[in-house]
Amino acid sequence: MKNKSINIVVLSETKKKLKGTKDIDDYTLIYSGVEQTSRANKGVAIMVDNIWKRKILSYSYVIERIMTIRFKIEWGHSIVIGVYAPEEGKPEETEHFYKKLQKELDKYNKSDHVIIAGDLNARVGNIPINKIVGCYGEDKLNENGHELRNFVTQNDFKITYTFFRKKQIGLHKYKWSARGFKSLIDYLIVAEPGRLVV
């Protein structure tokens, strides 16, 4: 990561237990996991390099699927929200996840630069919503995708990856299934209109 000049990384499905921080080379890992007695099947973390570590004002362990870091930047404040949404077919968990995420968003000022990143286990389709969802998503739209589309529309956010063409290769934006097909489920979502250039 250092060689690629990556400052901040969001990690989903970390399968770590408890909450805490850990120094790893030139980065600090801040993680939110499940309770000690629970099965380690969730978890989210954010890695921050030493340059951006000095900009941290606060961080919050919301739940084992959501955590946030607030940075002081030259033109205000930036909020990075790391997420790991429930898998498809878990409507109650998904509803709880989006309620928690919305409650966290409501704490911030309208002038804050907000980025949501991670595995949202959603397939949002390619039917555009003006300035919210582009036409370069997948053909498929699932229930989690409906939830995500509703969420970003309600909050005036943009799903960035749907606005440009992507190479059809197995990079981190894709998850391969046991049946051999791939789907776009990892997203970078920013506040709209473009308050932050990504």
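Structure: see above.
Residues numbered from 1 in each chain as written. Predicted model: local features only at pLDDT ≥ 70, side-chain atom pairs only at ≥ 80, totals over all residues. Heavy atoms only, no water.

Asks: How should I be thinking about the pairing of strand 5 (residues 56-63) in this particular structure?
Replies: The two faces of a sheet get side chains in turn, since along a regular strand they alternate between them. Alignment of strand 5 against strand 6 (residues 66-73), held across 6 bridges, turns out to be antiparallel. Bridge pairing links Ile56 to Phe71 in strand 6. (Pairing = 2+ DSSP bridges. Helix = DSSP H or I, 4+ residues; strand = E, 2+ residues; numbered from the N terminus.)

Asks: Explain the pattern of salt bridges to me, please; I cannot follow it from the model alone.
Replies: Where side chains of opposite charge bring their charged atoms close, a pairing between them can arise. Applying the stated rule across the entire model yields 7 salt bridges. The residue Glu138 makes a salt bridge to Arg123 at a minimum N-O spacing of 2.8 Å. Residue Glu138 is located in the loop between strand 8 (113-119) and helix 3 (143-155), and its partner Arg123 is located in the loop between strand 8 and helix 3; the two are separated by 15 residues in the primary sequence. Accessibility classification places Glu138 together with Arg123 in one group, the buried group. (Salt bridge = Lys/Arg side-chain N within 4 Å of Asp/Glu carboxyl O. Buried < 20%, exposed > 50% of the residue type's maximum accessible area, 1.4 Å probe, protein only.)

Asks: I tried to follow the sheet that holds strand 1 (residues 8-12) on my own but got confused; where do I start?
Replies: Pairing between the strands of a sheet comes from backbone hydrogen bonds, and it takes one of two forms, parallel or antiparallel. Strand order across the open sheet formed by 4 strands is 1-4-3-2, with antiparallel pairing between neighbours. Across the chains shown, the open sheet's two edge strands, defined by having one partner strand only, are strand 1 and strand 2 (19-24). Adjacent strand axes in the sheet meet at a mean angle of 20 degrees, parallel and antiparallel pairs treated alike. (Axes fitted to C-alpha atoms, helices over the stretch in contact; angles between N-to-C directions.)

Asks: Looking at this model, I keep getting lost on helix 3. Mind explaining?
Replies: Think of an α-helix as turning once every 3.6 residues; residues three or four places apart then point the same way. The end-to-end C-alpha distance of helix 3, which contains 13 residues, comes to 19 Å, matching closely the 18 Å that a straight helix rising 1.5 Å per residue would cover. Three or more residues of helix 3 are buried, namely Asn144, Gly145, Leu148, Arg149, Phe151, Val152 and Asn155. For helix 3, the angular spread of the buried residues around the axis is 165 degrees, confining them to a single face. Seen from the open side of helix 3, the exposed residues pointing more than 90 degrees away from its buried face are Glu143, Asn150 and Gln154. (Expected span 1.5 Å × (residues − 1). Arc of directions from axis to C-beta.)

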